[in-house]
Amino acid sequence: MAKKILIVDDEPAIVTMVSNRLKANGYDCISAKDGQEGLTMAKKEKPDLIILDLMLPKMDGYKVCSLIKKDSRYAKIPIILFTAKVQAEDSKLGEEVGADAYVVKPFNAQLLLEKIQQLTEKGSSTGVPAG
Amino acid sequence: MERRKIKILLVEDNTTYAKLITDILSLEKNPPFHIEGATTLKESLERLAKGGIDLVLLDLSLPDSQGLETFDRIQSQSPLLPIVVLTGLDDQRIAIEIVRKGGQDYLVKGRVDGSLLASIIRHAIERKQAERVLKRAHIQTGQLLSSLTSILIGISPEGFITHWNTVAETTFGISASEVLGQPFSKCGVKWNAGSVLTSLEECRKKNRPLRLEDIRFQGHDGLERLLGFTLIPISGETEGSFEFLLFGADITARKQAEQIKNEFVSTVSHEFRTPLAIIKEGVSQVYEGVCGQITQTQRDTLKLSLEAIDRLGRIVEELLDISKIESGRIELRRELVDIVSLAKMSSLAFSSQTKAKGIQIKLNAPQDRLEIYADKDKVTQIFTNLMGNAIKFTEKGHIGISILDKGNGIECCVSDTGKGIAKEDIPKVFSKFEQFAREIGPGPKGTGLGLAICKGLIEAHRGKIWIESELGKGTRITFLLPKYTARELFKEYLGQHLKESVSYGAPLSLIIFELKDFDKIRKKIGNEQALLLVQDLESLVKQNLHRKSDLAIKNTDAVFVVLPTTEKSDALTIAEKIQQSYEKDLAKNSLGNDIKLACKVAGFPEDGNTEESLLNQTQL
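In this convention, every chain numbers its residues from 1, walking through the sequence in written order. Just so you know, chain letters begin at A and ligand numbers begin at 1, following the order they were written in. Predicted model: local features are reported for residues with pLDDT of at least 70 only, side-chain atom pairs are reported and counted for 80 or more only, and whole-chain, interface and lining totals are derived from all residues. With hydrogens and water set aside, each side-chain value is computed from the structure's full complement of heavy atoms.

Attention shifts here to the overall build of chain A. Each helix is a run of DSSP H or I of at least 4 residues and each strand a run of E of at least 2, with the numbering of both proceeding from the N terminus. A tally of regular secondary structure across chain A gives five helices and five strands. Going residue by residue from the N terminus, the α and β elements of chain A occur as β-α-β-α-β-α-β-α-β-α. Only protein chains enter the accessibility calculation, which uses a 1.4 Å probe; a residue whose area is less than 20% of its type maximum is buried, one above 50% is exposed, and one in between is partly exposed. Expressed as a percentage of its 131 residues, the buried residues of chain A come to 54%. For chain A, long-range pairs separated by at least 24 residues make up 63% of all intrachain contacts whose partners lie at least 6 apart in sequence. For chain A, the exposed area adds up to about 5,800 Å²; of that, 51% sits on carbon and sulfur atoms. By definition in these notes, contact holds between two residues if any of their heavy atoms fall within 4.5 Å. The Shrake-Rupley method, run with a 1.4 Å probe sphere, supplies the accessible areas, and residue values consider only the shown protein chains as cover.

Right, let's talk about the interface of chain B and chain A for a bit. One frequent convention defines the size of an interface as the accessible area lost when the parts assemble. Contacts between the two partners involve 21 residues from chain B, matched on the other side by 22 residues from chain A. Of the roughly 2,300 Å² buried where chain B meets chain A, counting both sides, 56% is carbon and sulfur surface. Where E288(B) meets R21(A), a salt bridge forms, and the shortest distance between an N and an O atom there is 2.6 Å. The leading source of residues in the side of chain B that touches chain A is helix 9 (residues 252–287) of chain B, at 13 residues. Residue polarity is assigned by list, with Asp, Glu, Lys and Arg as charged and Ala, Val, Leu, Ile, Met, Phe, Trp, Tyr, Cys and Pro as nonpolar; anything else, Gly included, falls into the polar class. Partitioned by chemical class, the residues of the side of chain B that touches chain A number four nonpolar, eight polar and nine charged. Computed with a 1.4 Å rolling probe, the buried area is the accessible surface lost when two parts are put together, summed over both parts. The term salt bridge refers to a pairing of a side-chain nitrogen on Lys or Arg with a carboxyl oxygen on Asp or Glu at a separation within 4 Å.

Attention shifts here to the side chain of E492(B). Position of E492(B) relative to the elements: it lies in helix 15 (residues 486–504). Engagement of the side chain of E492(B) in a polar contact is seen with the side chain of R462(B), the distance being 3.0 Å. Any pair of N or O atoms that falls within 3.5 Å is considered a polar contact. Within protein, one atom must be able to donate a hydrogen and the other to accept it, and sequence-neighbouring residues count only if both atoms are side-chain atoms.

Here we take up unusual backbone geometry. For the peptide bond that leads from K105(A) to P106(A), omega is -5 degrees, which places it in the cis range. Mapping P106(A) onto the fold places it in the loop between strand 5 (101–104) and helix 5 (109–122). The step from F604(B) to P605(B) runs through a cis peptide bond, and the omega angle for that step is 10 degrees. By secondary structure assignment, the location of P605(B) is in the loop between strand 21 (597–604) and helix 19 (611–617). Positive phi, normally seen in glycine, also occurs at R462(B), with a value near 65 degrees. You can see R462(B) is positioned in the loop between helix 14 (450–460) and strand 16 (464–470).

So, about the packing of helix 11 (residues 339–349) of chain B against helix 13 (residues 376–392) of chain B. Two quantities define a packed helix pair, namely the angle between the axes and the distance from one axis to the other. Residue and element names in this part refer to chain B. Lines fitted to the C-alpha atoms define the axes, with helices restricted to the stretch that makes contact. Angles between their N-to-C directions range from 0 to 180 degrees. Closest axis-to-axis distance for the helix 11/helix 13 pair is 9 Å, and the angle between their directions is 45 degrees. The orientation of helix 11 relative to helix 13 falls into the category oblique. With respect to the hand of their crossing, helix 11 and helix 13 are arranged in right-handed fashion. In this structure, helix 11 uses I339, L342, A343, S346 and S347 to contact helix 13, whose residues at the interface are K376, V379, T380, F383, T384 and M387. When the residues that make up the contact of helix 11 with helix 13 are grouped by side-chain class, the tally is six nonpolar, four polar and one charged. Small angles under 35 degrees read as roughly parallel and large ones over 145 as roughly antiparallel, with 65 to 115 read as roughly perpendicular and the rest as oblique. By definition, turning the near helix anticlockwise from the far helix through less than a right angle yields a left-handed crossing, and turning it clockwise yields a right-handed one.

Turning our attention to the packing of aromatic side chains. The way to describe two aromatic rings as a pair is by their centre distance and the angle between their planes. Only rings of Phe, Tyr and Trp enter the pairing, Trp through its six-membered ring, and a pair is recorded when the two centres are within 6.5 Å. The plane angle decides the type: under 30 degrees is stacked, over 60 is edge-to-face, the rest tilted. A full pass over the atoms with the stated rule returns nine aromatic pairs over all chains. Ring plane angle 40 degrees and centroid distance 6.4 Å describe the contact between F242(B) and F244(B), whose orientation is recorded as tilted. Accessibility classification places F242(B) together with F244(B) in one group, the buried group. An aromatic cluster of at least three residues, connected via ring pairs, comprises W164(B), F172(B), F184(B), W191(B), F217(B) and F229(B). Against the face of F82(A) rests K105(A), its NZ or CZ located 5.0 Å from the ring centre. To sit over a ring, a charge needs its Lys NZ or Arg CZ within 6 Å of the ring centre and within 35 degrees of the ring normal.

The next subject is the sheet that holds strand 3 (residues 49–53) of chain A. All names here are of chain A. Two strands qualify as a pair provided DSSP detects at least 2 bridges between them. Pairing is parallel in the open sheet, where five strands are placed in the order 2-1-3-4-5. Lying at the two open borders of the sheet, with one neighbouring strand each, are strand 2 (28–32) and strand 5. Strand-to-strand twist across the sheet, computed as the mean angle between neighbouring axes with direction ignored, equals 20 degrees. Note that strand 3 and strand 4 (residues 79–83) share four bridges and pair parallel. Bridge pairing links I51 to I80 in strand 4.

Each residue carries a pLDDT score, the predictor's confidence in it, ranging from 0 to 100. On average, residues of chain B carry a pLDDT of 86, and 96% of them reach 70 or more. Model confidence for the complex: the whole-complex pTM is 0.58, and ipTM, which rates the interface, is 0.87.

The subject of this paragraph is the side chain of S156(B). On the secondary structure map, S156(B) appears in the loop between strand 6 (151–155) and strand 7 (161–164). Excluding residues that lie within four positions of it along the chain, S156(B) makes contacts with T162(B), F242(B) and E243(B).

Before going further, it helps to spend a moment on the sheet that holds strand 15 (residues 409–416) of chain B. Residue and element names in this part refer to chain B. Pairing in this open sheet of five strands is mixed, and the strands run 12-14-15-17-16 from one edge to the other. For this open sheet the edge positions go to strand 12 (360–364) and strand 16, each flanked by a neighbour on one side alone. Averaged over all neighbouring strand pairs, the angle between strand axes comes to 10 degrees, with direction disregarded. Sheet topology note: the strand 16/strand 17 (residues 474–482) ladder contains seven bridges and is antiparallel. Bridge pairing links E468 to R476 in strand 17.

Before going further, it helps to examine the pattern of salt bridges. All names here are of chain B. The tally for this structure, following the rule as stated, stands at 43 salt bridges over all chains. Between K19 and D23 there is a salt bridge; the shortest N-O distance is 3.2 Å. Taken together, the residues K19 and D23, both in helix 1 (residues 15–26) and four residues apart, mark about one turn of the helix. Residue classification places D23 among the partly exposed positions, given a relative accessible area of 38%. In this structure, the salt-bridge partner of D250 is R225, at a minimum N-O distance of 2.6 Å. Of the two residues, D250 is situated in strand 10 (residues 242–250) and R225 in strand 9 (residues 224–235); the sequence distance between them amounts to 25 residues. Take R225: its relative accessible area is 26%, and that puts it in the partly exposed class. A cluster of three or more residues bridged by salt bridges with shared partners is formed by R211, E213, R254 and K255.

Structure, rendered in structure tokens:
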């Protein structure tokens, strides 16, 4: 059965692009356009992985990540933080909220696909270092 | 040398007495006196109005004026003149009153002798002079203080407020009259009083000005604001006693501007990178056939676009880097890195370019591994930049990379046999946007920021970078990365986080674990085993630390730990736990008797609010 990936990003073009890419590689995609919706969908759909933008309306990516990871029912879902923000503090913060990986925009599609594969194969989040 | 005569106006209506005084005084030569007489108040005032008098000898009962009034009239006519009052036995009360009002002295008639009078006159004049100088200085100081645009608060050795200037009044919304004479600790300013008082203590102990930034306080409008100030100790009259001046300003606006600039960089970075990501991914997908098959021509065209997108991406990164460097926002994530392997890896990235051009890269290092605490990504960036430049400007010959251990640091050099740089251009090499040899030909021109960024990154490491070059011969760029001992790193980390703690009022703790008599241990069980002991300690410590901002760093015989946001009491618990666990393990390996683990804990705010006070507590 195809793995299901939830993309949470407020840029519709990004959602379209990333979905295309993922679908072309055999994944199923669902999406949300703000933090609140993202959180709700994550709980409802229980995806195999979440790609999470940081600068989101209604609830920012860090908060969403933190809430998901703190909830034992969903903590095992791997989360890739996906963002155009990159400062040293931001990736440190990412570690603090329990993210499994950190991908910067503009992104290398190959790299993203590799990370998705690693994280969904393991089946549970193990704290792969951000990079 | 003839001494100037002291001119005295003798105001006395009893002519006999007046003559007596005049005669007495004319005998004095040191200094000589010149006496003028007046018998009424009116006459005195007229004479005084003409000037030239140094002192007034005044009898209070005159035909046209009596008692205090006489004095008052004379004093208002000539406020700068010393007045010595001549009084009868009955008038002593008034005379004392007059001295209190500013008269210099008084003499009881009938008890006057020449030398006493002369002495009184001399002292009266000197005293009046001194009063004048003091008053002038006081007025000047007052004017100076009131023209200040900074907060000025004066604190007496006993801790009471002696000065509270206008700026302090408006900043805190507390008037001087409310606080002058009150204890500083109760001045009513809504700030972290404990922190401020601790700093005062430290200033006293060190007898040195102390600067504090980012002290939060509540302004008069109730809004939270930020204060930056310097405490200046001034030696008091007795040994070891100090007055303090608190000299500062409301820095809220400045900090807000900094924050806006920072957010701007963040926002701009987001705004540039998001569309770039969309373009890149879109073009990639079409190029790779994800959206359907494409022709070769289409593929070739898109490839050019992809390369341009990457170029644009690099330029955006450079702009952001230089922006961060300029606003001092470079944050280093130091770890132990092997510079030699870093250089090797960077050079590998250029292997296709060098092959195409037919130039060699030679790596020269005395050892296979040279380790130093540095930010791996940033050092890689520096190497990549320097090598990229070297290759760009070299058509034939070779590129040399050398790495040397200089004892106090590691020196890396990237040299080439390329175009070189003209002597007059060398000083501009590390400036922003300067570019040389652009006539080299077509191809990427770059932003001219590369070397400026390298310089910024090296200086963030507290290192140095410099260049040697000769037109037509080649260029050498060398940089030095200073070696940081574990101790220095620990102190740097502590300093950074302590600053935040003080500003936010959040706690911070540090723990030092030390293996006692390490040399003896080394002799007993050998170097390798001893090293393992420290490594085990480090692992054990790290297992027990859970926050991302916790730092544990190992030294030869110790492990240093910084725990931001942890209370001292919790740190003590953690330290004890680790100590017990470690000693248990030692016992298991029958090393328990020989090896003891000491641990010392210090915390903010309990042990002070500077690195020194905390480290003192742990005797480091």
